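# Notes for the structure review
Residue strings, one per chain:
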Number of protein chains: 2
Amino acid sequence: MQARISSKAATGRSAGEAAILEAAVKLFSEKGYDTVSMRGIAEEAGVSKANIYHHFDSKEALYRSILCASASQLAGLVSELAGSAGPFEKRILDFATEHLSRLEGDALSSRVILREAFSGNDEHNKLLVDEVFGGIFERMVAIFEAGQRAGVLRNELDAALCATLLIGADVFFFQARGILRHLPQAGFASDLPRFSAQMVDVMLNGMLAGTLPAAAGQGGEG
Amino acid sequence: MQARISSKAATGRSAGEAAILEAAVKLFSEKGYDTVSMRGIAEEAGVSKANIYHHFDSKEALYRSILCASASQLAGLVSELAGSAGPFEKRILDFATEHLSRLEGDALSSRVILREAFSGNDEHNKLLVDEVFGGIFERMVAIFEAGQRAGVLRNELDAALCATLLIGADVFFFQARGILRHLPQAGFASDLPRFSAQMVDVMLNGMLAGTLPAAAGQGGEG
DNA sequence: CCAAAGACTGACCGTACGGTCAGTCAGTAA
DNA sequence: TTACTGACTGACCGTACGGTCAGTCTTTGG
């Protein structure tokens, strides 16, 4: 099997280990930690259960390995997005659109992290904040504070709250798509750019009529 | 034990059954279905495991019983909130504030439903929409459509999307509070009314400066 | 007072879990 | 050829799971 050797040379891990990781990400994204069994992962990966223990010390270690990979991926993505240039409104729209599209693109990893973040375990929460979310949130808040210094964002608003609203809208939409798809009124459930555009429109310009600035209405009629 | 008799007469169920339900709600709100064990529920309730099977056919039946109770509770709450009167802006603020405060007040039930709604199981999603969320969402959308007919809400916006944003902001905040608490910038994490007020302010009036109508700034400086 | 009914229990069953281990097999360097 | 290494496996272990059942208390209607 020449393929196995070359695949190991390329990624630093054997074909079996890669299959295990792929299977584990898939299963851990579908169900919670306890519901996923090592037997199930082994079957999905096409290897023996004992082989998993050859590559990973324990179920916990395998899970943490996946979590760390997903987390550093997320951190890299956001730091990239947060570094974009341009006027405030465009930065916000670009961030929201790209953030949501990558949540969907890496749906498996995203679900693993979200499940962990919303698990309610305070120790895990603190760890996630220290290692991942803290830095991400700081960069997000900085964007809004820059908007306030530039006089574009209302000064009486809490920048951190604004960042929470923007991220929250994306995350909630990502989480709730399975529900929204069954709601006949929510046609936007299958149209990510439409949601992003109108969501940012509302966030920036508000829902109320008769208060739009000259530059408003970006994408609302796409 | 006179207390046992009276408690059964009052609620239609024995003290043991009530203890089982209470324990089950608590545990199912903390962990997922598979992670919660019947032994754990029995211990938490202070009864034998066999006693649970005397009152409920199976683990699944116990879980469904809890889910149905939580769901009808949620449906009742939202239909009550959606029926409020007053001008559009006030209805939105009242709904958001009260909705979030009741999410927290019934945090256990809320978590059980949210976990189920975001489980990713499409059959469960469809069932939840048909039995609970469908009606709730319809009422919410109606509020926004009424706002549009009254000329208060921008006509080019999608009413269903607006409803999603409002509910999503509350739900995300409720889910993410454990994370937000660890973020030093997010002081609003422990101040529900402040979050509700400023969230609604942003939703209605937008984040951008220089576009506020006369009635704006409701609660932003509390 | 006494049977019928319902609340409740300890012991048990088969199964699936996470984890271990001795051992096989292919590739590799000496 | 030989000795070694890492990938990999089937069989096994103790434990905890959901669920069952015979039987014991406790309350209640006649």
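Above this text sits the structure in question.
A brief report on the enclosed structure follows. (Residues numbered from 1 in each chain as written. Chains lettered and ligands numbered in written order. Predicted model: local features only at pLDDT ≥ 70, side-chain atom pairs only at ≥ 80, totals over all residues. Heavy atoms only, no water.)

The next subject is the protein's contact with DNA strand D. Around DNA strand D, the structure places 20 residues, and the nearest of them are Ser48, Ala50 and His54 of chain A together with Lys49 and Lys59 of chain B. Between a phosphate oxygen of DNA strand D and a main-chain N or O atom of Met38 of chain B, the distance comes to 2.8 Å. When contributions to the surface near DNA strand D are tallied by element, the ones reaching two or more residues are helix 4 (49–55) of chain A together with helix 3 (38–45) and helix 4 (49–55) of chain B. For the surface near DNA strand D, the element with the most residues is helix 4 of chain A, which contributes four residues. By residue class, the composition of the surface near DNA strand D is eight nonpolar, eight polar and four charged. (Near = heavy atom within 4 Å. Polar contact = N/O pair within 3.5 Å; in protein donor to acceptor, adjacent residues only side chain to side chain. Helix = DSSP H or I, 4+ residues; strand = E, 2+ residues; numbered from the N terminus. Nonpolar A, V, L, I, M, F, W, Y, C, P; charged D, E, K, R; others polar.)

Moving on, we come to the packing of aromatic side chains. The geometry of an aromatic ring pair is captured by two quantities: the separation of the ring centres and the angle between the planes. The full count for this structure, using the stated rule, is 16 aromatic pairs over all chains. Here the aromatic rings of Phe188 of chain B and Phe195 of chain B are separated by 6.1 Å at their centres, their planes lie at 25°, and the arrangement is stacked. Pair check on accessibility: Phe188 of chain B and Phe195 of chain B agree, each one buried. One residue, Lys59 of chain A, lies across the ring of Tyr33 of chain A, its end atom 4.6 Å from the ring centre. (Phe/Tyr/Trp six-rings, centres within 6.5 Å; stacked < 30°, edge-to-face > 60°. Buried < 20%, exposed > 50% of the residue type's maximum accessible area, 1.4 Å probe, protein only. Lys NZ or Arg CZ within 6 Å of the ring centre and 35° of its normal.)

Before going further, it helps to spend a moment on the interface of chain B and chain A. Every contact between the two is made by 61 residues of chain B and, on the other side, 61 residues of chain A. Summed over both sides, the interface of chain B with chain A buries roughly 5,700 Å², with 69% coming from carbon and sulfur. When the buried area of chain B at its contact with chain A is split by residue, Arg154, Met207 and Leu208 of chain B rank highest and sum to 14% of it. On inspection of chain B and its partner chain A, the count reaches four salt bridges. A salt bridge links Arg194 of chain B to Asp158 of chain A; its shortest N-O distance comes to 3.0 Å. Our count for the chain B to chain A interface comes out at 22 residue pairs in polar contact (both at pLDDT 80 or more). Listed by contribution, the elements that provide at least two residues to the side of chain B that touches chain A are helix 6 (88–105), helix 8 (122–149), helix 9 (159–180) and helix 10 (192–205) of chain B. Here the side of chain B that touches chain A takes 14 residues from helix 9 of chain B, the largest share from any one element. (Contact = heavy atoms within 4.5 Å. Buried area = accessible area lost by both parts, 1.4 Å probe. Salt bridge = Lys/Arg side-chain N within 4 Å of Asp/Glu carboxyl O.)

In this section: the environment of Leu77 of chain B. Residue and element names in this part refer to chain B. Topologically, Leu77 is positioned in helix 5 (residues 59–82). What makes Leu77 buried here is its relative accessible area of 12%. The sequence separation of Leu77 and Glu98 amounts to 21 residues, and the corresponding C-alpha distance is 9.4 Å.

Treat this as a map of the structure, not an account of what it does.
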